[in-house]
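# Descriptive analysis of the structure
Spelled out, the chains give:
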Amino acid sequence: MVGSEVILLDFWPSMFGMRVRIALAEKGIEYDYKEQDLPDKSTLLLEMNPVHKKIPVLIHKGKPINESCIIVQYIDETWKDKSPLMPSDPYTRAQARFWADYVDKKVYDALKKSGTLKGEQQEKAKKEFIEILKVLEGQIGEKPYFMGESFGYADIALVTFYCWFYTFETLGNYSIEKECPKLIAWAKRCMQRESVSKTLPDSKKIYEFFMEMRSKLGHDHIQKVEDFSPFRGRGVFLKHGRLVRIRY
Amino acid sequence: MADEVTLYADGRSPFVCRVKIALNMKGIKYKNMEEDLQNKSGALLNYNPVHKKVPVLVHNGNPILESLVIVEYLDNVWERVPILPQDPYEKAAARFWAKFIDDKCIPALYKVFSSKGEEEQVITEACEQLQILEDELELKGKKFFGGDNINLVDIAADFIAYWLQLLEEATEMKLVTRSKFPKITEWAEGFVNCQVVKEMLPPRAIMLAYYKNRFGKI
């Protein structure tokens, strides 16, 4: 069975998992998608990612590869014949890596803060988030994609956050399109690719998921045990002084 | 056409040192521009407006940023003495460990010293990360993360091999003891004694003085 040669352990709303799904789709790779019921992590997940215990994990011929950006590069290097995701020129490749790294370091945390903090702190977080998006927007500039004419690695790193924008815009009462029109234009351009449009869940579905999870956790009483990250799959929170595990 | 390679650096930085080790391994000639980080040069700010940090490598006028991105770039352009494995799976594994060191180990270790070792939780967290590396070395059973020769992971862990020890000495706080982390201790000794590494490390005295000033007990 061809499908079982490639297995993806994932969680549907995860923007990190989506990156891998897009890469697999771009290459036309058949795979076995295994939805992980976080926080009840499967034995397979714990075995394949003992260090971080996180999704996504790609299992190829029985061997695990972890960390979404590393997985995307692995996919590109292993299935070389079709749809290159990395630029061929080393300098442009280094730039693509830099920007994917920037997204990893900045966007996730800023997005989270802008949606979950309150009052003055939220305003500050929103501003920071918009600033980060503006830097990214500036990098894209007038080009169709991050690195030029071809959709690739850096685009994949950022575009998966697009389906989460609606949630945080609604929570924070602002419009990202108003602040960064060129960025949204770029995102919509990416959405015209089947690999992206078929991977990204509907923004409203993401919003519903987030609101349901938040109501289960009782937003005002959440205390971080570790990085509050539903899609990173830790699933253990401190609620009213007790450790609880939340099912999604 | 002669390659023009310039490195914007701070000789004390383990991140800068990663790049220097890679340059040294590959025998690449370069110009070192030492930066005063309290007073950054116009050139540095021009090449790295986003993060305003060193290291920055400029190759024939093109700037490359972020130490691990630079190391991979050097590996792509100068193929001799490879730093990353050729096999895609091994390459992915090397990148994973380098990222783990950058994202988890180093921040956890810094926290111990910047919090003056006063919080037990911080120390426990740092030791947990070190234990993961210890286990990996045990599993690999070789002299280095890269096997018989150093690779991306060893280079990424340079802080642990050299700077950590000096931080411990300056602050009189010992984390990596031979009894607790025998593999890491052995690996560190091997790493700092590599010719290509030794030549690039900043002098002990300078680092000790810097750390005593920044973190040391008064």
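Quick caveat: nothing in here was measured; it's all calculated off a predicted structure.

### Some words on the confidence of the model for chain A
Fine structural detail should not be taken from predicted coordinates in areas where pLDDT scores are low. Per-chain confidence: chain A averages 85 in pLDDT, with 85% of residues scoring 70 or above. Within the model, pLDDT remains below 50 along residues 220-248 of chain A, and this stretch shows 81 contacts once partners closer than five positions in the same chain are excluded.

### As for the packing of helix α5 (residues 119-140) of chain A against helix α9 (residues 181-191) of chain A
Residue and element names in this part refer to chain A. Across the interface, α5 lies against α9 with an axial gap of 8 Å and an inter-helix angle of 65°. As summarised for this structure, α5 and α9 are arranged roughly perpendicular, according to the angle between their axes. For α5 against α9, the interelement crossing comes out left-handed. Mapping the contact onto sequence places L133, L136, E137 and I140 in α5 and P181, K182, L183 and W186 in α9. Its residues assigned to classes, the contact of α5 with α9 comprises 6 nonpolar, no polar and 2 charged.

### Some details on helix α4 (residues 88-114) of chain B
The periodicity of an α-helix, 3.6 residues per turn, causes residues three or four positions apart to be oriented the same way. Residue and element names in this part refer to chain B. Spanning 27 residues, α4 covers 38 Å between terminal C-alpha atoms, matching the ideal 39 Å at 1.5 Å per step. Remark: the principal bend of α4, roughly 35°, maps to I101. K116 sits one or two residues past α4 and shows a positive phi near 60°.

### Some words on the pattern of salt bridges
What the rule picks out here adds up to 26 salt bridges over all chains. Residues R18 of chain B and D102 of chain B are paired through a salt bridge, measuring 2.8 Å at the closest nitrogen-oxygen approach. Of this pair, R18 of chain B sits in helix α1 (residues 14-25) while D102 of chain B sits in helix α4; the two residues are 84 residues apart in sequence, bridging distant segments of the chain. Taking the shortest distance from any N to any O, the salt bridge between D103 of chain B and K99 of chain B comes out at 3.0 Å. Taken together, the positions of D103 of chain B and K99 of chain B, both in helix α4 and 4 residues apart, correspond to about one turn of that helix. Relative accessible area serves as the criterion here: at 22%, K99 of chain B is assigned to the partly exposed category. Shared partners join several salt bridges into a network, and the residues in it are R19, E67 and D104 of chain A together with K99 and D103 of chain B.

### A short note on the pairing of strand β4 (residues 63-66) of chain A
All names here are of chain A. Relative to β4, strand β3 (residues 57-60) runs antiparallel, the two sharing 4 bridges. Paired with V57 across the bridge in β4 is N66. In this antiparallel pair of consecutive strands, β3 and β4, the connection spans 2 residues, and K61 shows a positive phi of 50°.

### Some details on a positive patch on the surface
Taken together, the side chains of K106 of chain A together with K40, K52 and K53 of chain B make up a positively charged region of the molecular surface. Position of K53 of chain B relative to the elements: it lies in the loop between α2 (42-47) and β3 (56-59).

### Some points on the sheet that holds β3 of chain B
One key point about sheets: their strands pair by backbone hydrogen bonds, in either a parallel or an antiparallel sense. Residue and element names in this part refer to chain B. Sheet architecture is open: 4 strands sit in the order β2-β1-β3-β4, paired in mixed fashion. Of all the strands in the sheet, just β2 (31-34) and β4 (62-65) have a single pairing partner and so form its edges. Along the sheet, successive strands turn relative to each other by an average axial angle of 20°, direction set aside. Two elements, strand β1 (residues 5-9) and β2, share 4 bridges in a ladder whose sense is parallel. Its bridge partner being in β2, Y8 is matched across the sheet by M33. Relative to the sheet, α1 contacts β1, β2 and β3, its axis offset from that of β1 by approximately 155°.

### Quick notes on the environment of F11 of chain A
All names here are of chain A. Of note, F11 is situated in the loop between β1 (6-10) and α1 (15-27). Assessed through its relative accessible area of 5%, F11 is described here as buried. The spacing of F11 and L38 is 27 residues in sequence and 7.6 Å in space, taken between C-alpha atoms.

### Overview of the packing of α1 of chain B against helix α3 (residues 67-77) of chain B
Residue and element names in this part refer to chain B. At a minimum axis separation of 9 Å, α1 and α3 run at an interaxial angle of 10°. The orientation of α1 relative to α3 falls into the category roughly parallel. Touching F15, R18, V19, A22 and L23 of α1 are S67, L68, I70, V71 and L74, all from α3. Residue composition of the contact of α1 with α3, grouped by class: 8 nonpolar, 1 polar and 1 charged.

### Considerations on the pairing of β1 of chain A
Residues and elements named next belong to chain A. Most of β1 is tucked away, with 5 of its 5 residues classed as buried. Burial along β1 is two-sided: V6, L8 and D10 facing one way and I7 and L9 facing the other are all buried. Bridge count for β1 against β3 is 4 bridges, and the pairing is antiparallel. Within the sheet, the bridge partner assigned to L9 lies in β3 and is V57. Two strands pair when backbone bridges link them, and β1 and strand β2 (residues 32-35) are joined in this way by 4 bridges, in the parallel orientation. Across the sheet, L9 pairs through a bridge with K34, a residue of β2. Crossover connection from β1 via α1 to parallel β2: handedness right-handed.

What counts and how
Throughout, a residue's number is its position along its own chain's written sequence, starting from 1. Written order determines the labels here, with chains lettered from A and ligands numbered from 1. With the structure being a predicted model, the display of local features is reserved for residues of pLDDT at least 70 and the display and counting of side-chain atom pairs for 80 or more, all residues being used for whole-chain, interface and lining totals. Only hydrogens and water are removed before side-chain values are computed, so all heavy atoms of the structure are retained for them. Values of pLDDT, ranging from 0 to 100, describe the predictor's confidence in every residue of the model. Whether two residues are in contact is decided by their heavy atoms: any pair within 4.5 Å suffices. Between N-to-C directions, angles span 0 to 180 degrees; the directions come from axes that are lines fitted to C-alpha atoms, helices contributing only their stretch in contact. Going along the chain from the N terminus, every DSSP run of H or I of four or more residues is numbered as a helix, and every run of E of two or more is numbered as a strand. Note on terminology: angles under 35 degrees are roughly parallel, angles over 145 are roughly antiparallel, angles of 65 to 115 are roughly perpendicular, and the others are oblique. Each crossing is labelled by how the near helix is turned from the far one, with a counterclockwise turn of less than a right angle marking it left-handed and a clockwise turn marking it right-handed. Residue polarity follows a fixed list, in which Ala, Val, Leu, Ile, Met, Phe, Trp, Tyr, Cys and Pro are nonpolar, Asp, Glu, Lys and Arg are charged, and the others, Gly among them, are polar. In a helix, the anticipated span is given by 1.5 Å times the number of residues less one. The seven residues ending at a residue and the seven starting there each receive a fitted axis; the angle between those axes is the bend at that residue. By definition here, a salt bridge exists when the distance from a side-chain nitrogen of Lys or Arg to a carboxyl oxygen of Asp or Glu is within 4 Å. The buried label goes to any residue with under 20% of its type's maximum accessible area, the exposed label to any with over 50%, and the partly exposed label to all in between, with areas taken from a 1.4 Å probe on protein chains only. For two strands to count as paired, DSSP must find a minimum of two bridges between them. For patch detection, residues must exceed 30% relative accessible area and be free of salt bridges, and they are connected within 9 Å for like charges or within 5 Å for nonpolar side chains (Val, Leu, Ile, Met, Phe, Trp, Tyr). Here the accessible surface of atoms and residues is derived via Shrake-Rupley with a 1.4 Å probe, and residues count as covered only by protein chains that are part of the display. Within this scheme the basic residues Lys and Arg register as positive and the acidic residues Asp and Glu register as negative, but His and the chain ends are omitted. Charge positions come from single atoms, namely NZ of Lys, CZ of Arg, CG of Asp or CD of Glu. Assignment of crossover handedness uses the view with strands pointing away from the viewer, where a clockwise path from the first strand over the helix to the second indicates a right-handed crossover.

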